[in-house]
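# A structural walkthrough
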Amino acid sequence: MARIGFIGLGNMGAPMALNLVRAGHALTVFDLTPDRTGKLVAEGAIASETPQGVAEGAEVIITMLPAGREVRAVYGGTGGLVEVAEPGALLIDCSTIDVATAREMAAAAAEAGIAMIDAPVSGGVGGAEAGTLTFMVGGTPDDVMRAQPILAAMGRSIVHAGEAGAGQAAKICNNMILGISMIGVAEAFVLAEKLGLSHQALFDIASASSGQCWSLTTYCPVPGPVPTSPANRGYAPGFTAAMMLKDLELARGAAEANGAHAELGAVAAALYRRFAEGGDAGVDFSGIIRMIRGA
Ligand code: NAD
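Everything numeric in this text was worked out from a predicted model, so none of it was measured.

Quick look at the overall build of the chain now. Tallying secondary structure elements over the chain gives 14 helices and nine strands in all. Here the chain has a C-alpha radius of gyration of 20 Å; the compact-globule value for 295 residues is 19 Å, and the two agree. Projected onto the principal axes, the alpha-carbon positions of the chain cover approximately 65 × 45 × 35 Å. In the chain, which comprises 295 residues, the proportion classed as buried is 48%. In the chain, of all internal contacts separated by at least 6 residues, the share reaching a separation of at least 24 is 63%.

A few words on the pairing of strand β8 (residues 133-138). Among the six residues of β8, five are classified as buried, and the element is accordingly described as predominantly covered. In terms of strand pairing, strand β7 (residues 121-122) meets β8 through two bridges, oriented antiparallel. Each bridged residue has a counterpart across the sheet, and for S122 the counterpart in β8 is T134. Two strands pair when backbone bridges link them, and β8 and strand β9 (residues 155-162) are joined in this way by six bridges, in the parallel orientation. Directly across from F135, in β9, lies its bridge partner I158. In this region the chain leaves β8, passes through helix α8 (residues 141-152) and returns to the parallel neighbour β9; the handedness of that crossover is right-handed.

The subject of this paragraph is the packing of aromatic side chains. Overall, the coordinates contain four aromatic pairs when judged by the stated rule. Where F239 meets F285, the ring centres are 5.8 Å apart and the plane angle is 80°; that geometry is what we call edge-to-face. Placement of the pair is F239 in the loop between α11 (214-217) and α12 (241-258) and F285 in the loop between α13 (263-280) and α14 (288-294), with a sequence separation of 46 residues. Here Y272 and F285 contribute two aromatic rings whose centre-to-centre distance is 6.3 Å and whose plane-to-plane angle is 40°, an arrangement assigned as tilted.

So, about the nonpolar core. In this structure, F189, Y272 and I288 are the most contacted members of the largest nonpolar core, which totals 35 residues. At the level of secondary structure, the elements contributing two or more residues to this core comprise α9 (166-195), α10 (199-206), α12, α13 and α14. Ranked by residue count, the leading element in this core is α9, at eight residues. Apart from the residues lying within four places of it in its own chain, the contact partners of I288 are M182, I183, L271, Y272 and F275. In terms of nonpolar packing, the next biggest core, distinct from the first, is built from 33 residues, L9, L18, L27 and V144 among them.

Among the residues of α10, those classed as buried are L202, F203 and A206. Each buried residue of α10 sits inside an arc of 100° when the element is viewed along its axis, so together they form one side. Buried-residue contacts for α10 involve α9 and α11.

Taken together, 25 residues lie near the ligand, and M12, D31, R36, P66 and K246 sit nearest. L32 places a main-chain nitrogen or oxygen 3.3 Å from a nitrogen atom of the ligand. Between the ligand and the protein, one listed contact pairs an oxygen atom with a backbone N or O atom of P66 at 2.9 Å. In the complex, the protein chains occlude 87% of the 830 Å² of accessible area that the ligand would expose alone. Those elements that provide at least two residues to the shell around the ligand are α4 (68-75), α7 (124-130) and α12. In the shell around the ligand, the residues fall into 13 nonpolar, seven polar and five charged. Of the domains in this structure, domain 1 (3-163) and domain 2 (169-294) are the two that each give at least three residues to the shell around the ligand.

Under the domain assignment, the chain is made up of domain 1 (3-163) and domain 2 (169-294). Put simply, the middle of domain 1 and the middle of domain 2, counted by C-alpha atoms, are 29 Å apart. Taken together, the contact pairs 11 residues of domain 1 with seven residues of domain 2. The contact between domain 1 and domain 2 buries some 700 Å² in all, and 69% of this surface belongs to carbon and sulfur atoms.

The rules behind each value
The residue count restarts for each chain, going from 1 along the sequence in the order it is written. Under the rules for a predicted model, residues below a pLDDT of 70 receive no local features and side-chain atom pairs below 80 are neither given nor counted, while totals for whole chains, interfaces and linings still include all residues. The side-chain figures draw on all heavy atoms in the structure; neither hydrogens nor water molecules are used. Secondary structure elements are defined from DSSP: runs of H or I of at least 4 residues count as helices, runs of E of at least 2 residues count as strands, and each element is numbered from the N terminus. As defined in this context, the radius of gyration uses C-alpha atoms, and a globule is described by 2.2 Å times the residue total to the power 0.38. Burial classes follow relative accessibility: with a 1.4 Å probe on protein chains only, a residue under 20% of its type's maximum area counts as buried, one over 50% as exposed, and anything between as partly exposed. Pairs of residues are marked as contacts when any of their non-hydrogen atoms sit within 4.5 Å. Only when DSSP finds a minimum of two bridges between them are two strands counted as paired. Handedness rule for crossovers: strands pointing away from the viewer, path from the first strand over the helix to the second running clockwise, crossover right-handed. Two rings from Phe, Tyr or Trp (for Trp, the six-membered ring) form a pair when their centres are within 6.5 Å of each other. A pair whose planes differ by under 30 degrees is stacked, one over 60 is edge-to-face, and the rest are tilted. As used in this record, nonpolar core signifies buried Ala, Val, Leu, Ile, Met, Phe, Trp, Tyr and Cys residues forming a set joined through side-chain atoms within 4.5 Å. Summarising the geometry, the arc corresponds to the directions from the helix axis toward the C-beta atoms. Residues are classed as near a molecule or strand on a simple rule: at least one heavy atom within 4 Å of it. Pairs of N or O atoms are called polar contacts if they sit within 3.5 Å, as long as, within protein, a hydrogen donor faces a hydrogen acceptor (for residues adjacent in sequence, only side-chain-to-side-chain pairs). Only the protein chains shown count as cover for residues, and all accessible areas are computed by the Shrake-Rupley method using a 1.4 Å probe. In the scheme used here, Gly and all other residues not listed as nonpolar or charged are polar, with Ala, Val, Leu, Ile, Met, Phe, Trp, Tyr, Cys and Pro taken as nonpolar and Asp, Glu, Lys and Arg as charged. For each domain, the first and last residues come from an automatic or database assignment. Summed over both partners, the accessible area lost on bringing two parts together, with a 1.4 Å probe, is the buried area.

Structure (structure tokens):
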């Protein structure tokens, strides 16, 4: 069993860390909001008052932070993880952040002789609690192999996407497909309503035809055809519109910085911005159908 430090105990980090404790690992945890550590301490983790305390004696340090800004704050500079991690430690950032920051932090770690991989996840809070997350991992084959048994305590699928930053690249490309496809499916249902075609008829036909996709068959944005989709519970999240907007903005920024033409990705980001800024940031992202219907 490993000595693991865990920083960032929010909606995702707390249940991920709990699964590590329950798998028998020795955990030291830290969050800027100290009361986030309570449940973990009750299950056997040790709470630290500083990130540096987490790094002390840790063989592996995992972070699950909001965005690139927080990752830079925790990893970089004086007292950052890159500086204070034990020689031979493995740093695993599971946050969803921009590819450039992920590459920069990994390069800084490599320069200091510390191993670092990016391992963003999909599967949401439900997957974090159930230990069924998918990890998209960027780093050297050796480091990814070292991380494997640790990640396996929190997830079901671990995919090595390539070098440092490749996990983040895979995550934002996937979520750009998701954001665009959800808007496409929502527009099709609204058009069907105008044409007098029932939701069920469109679902039955499109799900067995070339319109088939995850946004339709697993996460259908109208109530009825897929009883487990958020549309059946008033669009309670799930995956919030704010999170989708964040990922679409990361994709848009990466497309611009790397000269990739992603016009639909930019339109999807603009639509999710309007939806989120209209007061629906905390609503499930499939709820964008309500804005499309009202437009
Ligand atoms: P969250 O806001 O619930 O949790 C983030 C935690 O980090 C908070 O507890 C906060 O206090 C802590 N924190 C912030 N800055 C810190 C610092 N400098 N030092 C220590 N702790 C700090 O967010 P979340 O929903 O847990 O998401 C975390 C990451 O996972 C994000 O990058 C998000 O995009 C990604 N993600 C989330 C989901 C989801 O469904 N929630 C799904 C996939 C990926």
